Amino acid sequence: MARMAGRRILFAVPVLLLVTFGVFAVAAASPFDPVKAYAGTAGLTSSQANLDQLRANLGVDDPLTTRWWHWLTSALSGDFGDSSVMRQPVADVIVERLGWSTLLAATAFLIAIVLGTTLGVLAARRPGGWLDRCVSPAAYTLEAAPAFWLGLLAMWFFALKLGVLPAGGLTDTDSDVITFGQVASHLVLPAVVLGVTQLPWFFLYVRQGVADALEEDPVRGARARGTSERTVLLGHALRSGMLPMLTLIGSRVPELITGALLIETVFSWPGIAAATVQAATAVDFPLLAALTVLATAAVLAGNLLSDLLYGLADPRVGFDG
């Protein structure tokens, strides 16, 4: 297991280098002028000499490889540059927002896994039953539903029509203090919506896996020996049926990041994804490069986690072969 993890980590190094170079290549090919984006409205009245000096300070006219290498060597020492849109160091932006994104993503993932697994097991227990007939079509429908559309629909119904949950943000508009109660209430809608966008895959994987496991000879033998249905379902079928779902955990990380980007924007959640949107629209490439590396590292870590979980659940899997 340690050898496999080490190989994955070594493989991640050239991947991350290629990703960062790709971000700067896109920046070089972009028609947007980072100097005008940095100067904002002040650039409309600035002299050409001031703009030229700002261009030299930002190094936007340097060759692509020079800018990339300068950013890379600085990043390795902990200096990711300054964000033009946030007007602060990129490292500070990430530190301030990473915790909120982690809270949202972890809560949503927990909702998707717990609810999807529970519904999948119950549906697999009685295929064709009323629960299976209700949840399965809903799962296929949710697979095709855009995350931003679900977010807007949830905001309209629960926040505007019923008024039972806040529409967005981290705290109430009339409060300048962050409290646990406010964060919890503001977290409900974005976390549930993001969790619901991931739920169909967990439900369908568990339902199919448990249903197939219930038809296997070991499970039939356990039933023939008089083993209780609860033990058969949870002790035999669920463990066997959960194995395919473990690989799903890592593969859903990219979709989770994409969904979080949309959900954070819809609900004005102050996380990393919202900063990514601001960095892209403001041509803030130092911030965009750092956030892209962070997202890529999260995807690679998710894939490694799914493989490790699969190996721990099924000892027959060999890591060091």
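Enquirer: Help me understand the overall build of the chain, please; the structure alone is not making it clear to me.
Expert: Along its length, the chain carries 13 helices and two strands. Counting the 321 residues in the chain, one finds 40% classified as buried. Carbon and sulfur atoms make up 66% of the accessible area of the chain, which amounts to about 17,200 Å² in all.

Enquirer: Sorry, what's going on with the nonpolar core here?
Expert: Note that soluble globular proteins tend to have their nonpolar side chains buried in a common cluster. Core analysis: the largest hydrophobic core is formed by 42 residues, its most contacted members being Leu194, Phe202, Val210, Leu214 and Phe267. Among the secondary structure elements, those contributing two or more residues to this core are helix 5 (90-125), helix 7 (147-161), helix 8 (180-214), helix 9 (217-224), helix 10 (229-251) and helix 11 (253-266). When residues of this core are assigned to their parent elements, the largest contribution, 12 residues, is made by helix 8. Once residues within four sequence positions are removed from consideration, leucine 214 is found in contact with Ala124, Arg125, Val219, Arg220, Arg223, Val232, Leu233 and Ala237. Ranked by size, the runner-up nonpolar core spans 22 residues in total, among them Met86, Ile94, Ala275 and Ala279.

Enquirer: Explain a nonpolar patch on the surface to me, please; I cannot follow it from the model alone.
Expert: On the surface, Phe148, Trp149, Leu152, Leu153, Trp156, Phe157, Phe158, Leu160, Leu162, Val164 and Leu262 cluster together to form a nonpolar patch covering roughly 1,000 Å² of accessible area. Ranked by residues supplied to the nonpolar patch, first place goes to helix 7 with eight residues. As for its placement among the helices and strands, leucine 160 is situated in helix 7.

Enquirer: Quick question: what am I supposed to make of the side chain of glutamate 264 here?
Expert: With respect to the helices and strands, glutamate 264 occurs in helix 11. Arginine 97 provides the closest opposite charge to the buried, unpaired glutamate 264, separated from it by 6.1 Å. Excluding anything up to four places from it in sequence, glutamate 264 contacts Ser101, Leu104, Trp269, Gly271, Ile272, Ala273 and Ala274.

Enquirer: Just checking my understanding: could you explain the pattern of salt bridges for this structure?
Expert: Should their charged atoms come close, side chains of opposite charge can pair. Tallied over the entire structure, the rule returns one salt bridge. A salt bridge links aspartate 132 to arginine 207; the shortest N-O distance between them is 2.8 Å. Taken together, the residues span a long stretch of sequence, with aspartate 132 in helix 6 (residues 130-144) and arginine 207 in helix 8 at a distance of 75 residues.

The rules we used
Residues numbered from 1 in each chain as written. Predicted model: local features only at pLDDT ≥ 70, side-chain atom pairs only at ≥ 80, totals over all residues. Heavy atoms only, no water. Helix = DSSP H or I, 4+ residues; strand = E, 2+ residues; numbered from the N terminus. Buried < 20%, exposed > 50% of the residue type's maximum accessible area, 1.4 Å probe, protein only. Areas by Shrake-Rupley, 256 points an atom, 1.4 Å probe, with all protein chains shown as cover. Core = buried A, V, L, I, M, F, W, Y, C linked by side-chain atoms within 4.5 Å. Contact = heavy atoms within 4.5 Å. Patch = residues over 30% accessible without salt bridge, like charges linked within 9 Å, V, L, I, M, F, W, Y side chains within 5 Å. Salt bridge = Lys/Arg side-chain N within 4 Å of Asp/Glu carboxyl O. Lys, Arg positive; Asp, Glu negative; His and termini not counted.

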